[in-house]
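Summary of structural features
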Amino acid sequence: GALLETWHPELAAVPDEDAGASVDPAEVLDGGRRMRALLARVPVPSAAEDDDALREALVSADDDARIVALVERLDHARHLHLYPREDWEPLYANIVGAYLPVAEWAGGRLGARYRRWADAFARRLEREGRSGRTGA
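Residues numbered from 1 in each chain as written. Predicted model: local features only at pLDDT ≥ 70, side-chain atom pairs only at ≥ 80, totals over all residues. Heavy atoms only, no water.

This next bit is on the packing of helix 3 (residues 63-77) against helix 4 (residues 85-106). At a closest axis distance of 10 Å, the pairing of helix 3 and helix 4 adopts a crossing angle of 135°. Considering their axes alone, helix 3 and helix 4 lie oblique with respect to each other. Remark: the crossing between helix 3 and helix 4 carries left-handed chirality. In this structure, helix 3 uses Arg66, Ala69, Leu70, Arg73, His76 and Ala77 to contact helix 4, whose residues at the interface are Leu91, Asn94, Ile95, Tyr99, Val102, Ala103, Trp105 and Ala106. (Axes fitted to C-alpha atoms, helices over the stretch in contact; angles between N-to-C directions. Helix = DSSP H or I, 4+ residues; strand = E, 2+ residues; numbered from the N terminus. Parallel < 35°, antiparallel > 145°, perpendicular 65-115°, else oblique. Left-handed = near helix turned anticlockwise from the far one by under 90°. Contact = heavy atoms within 4.5 Å.)

With that out of the way, let us pick up the side chain of Arg66. Tracing the backbone shows Arg66 in helix 3. What makes Arg66 buried here is its relative accessible area of 8%. At a separation of 3.0 Å, a polar atom in the side chain of Arg66 contacts the main-chain carbonyl oxygen of Val59. Ignoring anything within four residues of it in the chain, the contact list for Arg66 reads Leu58, Val59, Ala61, Val102, Trp105 and Ala106. (Buried < 20%, exposed > 50% of the residue type's maximum accessible area, 1.4 Å probe, protein only. Polar contact = N/O pair within 3.5 Å; in protein donor to acceptor, adjacent residues only side chain to side chain.)

In this section: the confidence of the model for the protein chain. When the pLDDT values of the protein chain are averaged, the result is 81; 73% of them are 70 or greater. Looking at the elements of the protein chain, mean pLDDT is at its lowest for helix 1 (residues 25-41), recorded as 72, and at its highest for helix 2 (residues 51-60), recorded as 95. In this model residues 15-21 is a low-confidence stretch, pLDDT under 50, and it forms six contacts with partners more than four residues away in sequence or in other chains. (pLDDT = per-residue confidence, 0-100.)

As C-alpha cells, then:
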C-alpha cells in the first residue's frame, strides 16, 4: 500500500529499479515487475465510477490487489482529521460507501480496523456536531 497513492497522486513513490550491488539485479528487477503488475491490478477510485462500481471492482479483485487497495485507503482514513472538512468530506463518503463494506466483507484484522476507525470517526463527527464545530 505504501507505493500506491490514490488521493494525492503527486506524492506517489516511484520505485527505484537499481537496488544496489548487494542484491541480485535479476531478483530486484523481477520483484519490481511483480510489484508493478500488482499495482496495475489494484482497483482505484475514478470520477467516472460511483461507489457501487468501485465496491464491485474491489470485491472481484484478487486478494492481494484488494488488500493493497484497502490498506492504502485506510491509511488516508486515519489522517482525515488533519484536513479541513471540505477536503475530507468526499473522501470520507467514499470510504464509508465503498471501502468499509468491502473490508468488513473480507473480514479479518483489516475489516476490524476499518470498523474501529469508522466508529471512532463517527463519534468524532457527533461530538463536533454537538459543539457546533465545522472543521476537522
